[in-house]
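An overview of the molecular structure
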Amino acid sequence: MRYDRQIILPEIGEEGQNKLQKAKVLIVGVGGLGSPIALYLAGAGVGCLGLVDNDSVSISNLQRQVLYSEEELGKPKAVCAAQRLTSLNSEIETRYYSTRLTAENADRIIQEYDIVVDGCDNFDTRYLINDICIKQGKPYVYGAICGFEGQVSVFNYGNRKKSYRDLYPDEEEMKQMSPPSKGVMGITPAVVGSIEATEVLKIICGFGDVLAGELWTIDLRTLQSNKFSL
């Protein structure tokens, strides 16, 4: 009954739902992007979700980070996110890591999962995810936002394997850039995070055209959307 509306889709079916139940997905960052990613993957029945975040809930988060409530201000995001997802779907397993993903722990954490999804907001972590996923042969679902704009791609997957370094090859130059504006509409991560979650479901169930080797972009001010080959 819980999954009836997606099981009747020929792209999912019973076989796809079983694949979802067996899947293990790691979400790095459970903020603006991580909130819709986590909620929709939990709702879809992904069997195990790992949540990495070392931050605490603050009042300025609530404009876009829909996993959290005012009652959770000051509490660890990873813990609160795990509790919220369990209340949404008690049939799945949630694991939380109240820490940053670092060079010291990334290998150990990522090896427990099938797919890594990007909900973070900095270049250091993205290069780290990219390199560990290549090393371990794991797909990396990438997403980023700024203001009204966002982009999504899938790295290290399929026959068109590309990496984050194909998109941004000069790591030192990227790390020396001035931090982008923190201004963002709450809708922007909702849209981009939902696209990331869609790519995860496509990879697990094996339907549709995965954004491997391609970059999808959107500007919500105009709804101009494009796909580029990497």
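How each quantity is defined
- Residues numbered from 1 in each chain as written.
- Predicted model: local features only at pLDDT ≥ 70, side-chain atom pairs only at ≥ 80, totals over all residues.
- Heavy atoms only, no water.
- Pairing = 2+ DSSP bridges.
- Helix = DSSP H or I, 4+ residues; strand = E, 2+ residues; numbered from the N terminus.
- Axes fitted to C-alpha atoms, helices over the stretch in contact; angles between N-to-C directions.
- Expected span 1.5 Å × (residues − 1).
- Buried < 20%, exposed > 50% of the residue type's maximum accessible area, 1.4 Å probe, protein only.
- Polar contact = N/O pair within 3.5 Å; in protein donor to acceptor, adjacent residues only side chain to side chain.
- UniProt positions renumbered as here; feature names shortened; annotations may be inferred.
- Right-handed = clockwise from strand over helix to strand, strands pointing away.

On the basis of which strands lie adjacent, the open sheet formed by 8 strands has the order 3-2-1-4-5-6-7-8 and mixed pairing. Pairing within the sheet leaves two strands with one partner each, and these edge strands are strand 3 (93–97) and strand 8 (224–229). If you compare each strand with its neighbour and ignore which way they point, the axes differ by 15° on average. Sheet topology places strand 2 (residues 48–52) next to strand 3; 5 bridges connect them, and they run parallel. Of the residues in strand 3, the one forming a bridge with cysteine 48 is glutamate 93.

The end-to-end C-alpha separation of helix 6 (residues 123–136) is 20 Å, in line with the 20 Å expected for 14 residues at 1.5 Å each. Within the span of helix 6, buried status applies to Thr125, Arg126, Tyr127, Leu128, Ile129, Asn130, Ile132 and Cys133. The backbone nitrogen of aspartate 124 lies 3.3 Å from a side-chain oxygen of the residue at the head of helix 6, namely asparagine 122. In the segment just after helix 6, glycine 137 is the residue with positive phi, at about 70°.

Within the UniProt annotation, "transmembrane region" (unreviewed entry) is assigned to residues 25–52. The annotated region residues 25–52 carries 39% helix and 32% strand content, and the separation between its end C-alpha atoms amounts to 11 Å.

Looking now at the pairing of strand 4 (residues 115–118). Residues of strand 4 alternate between two faces, with Ile115 and Val117 on one and Val116 and Asp118 on the opposite face, all of them buried. Here strand 1 (residues 24–28) pairs with strand 4 via 4 bridges, running parallel. Its bridge partner being in strand 4, leucine 26 is matched across the sheet by valine 116. In the classification by handedness, the crossover that spans strand 4, the intervening helix 6 and the parallel strand 5 (residues 140–146) is right-handed.

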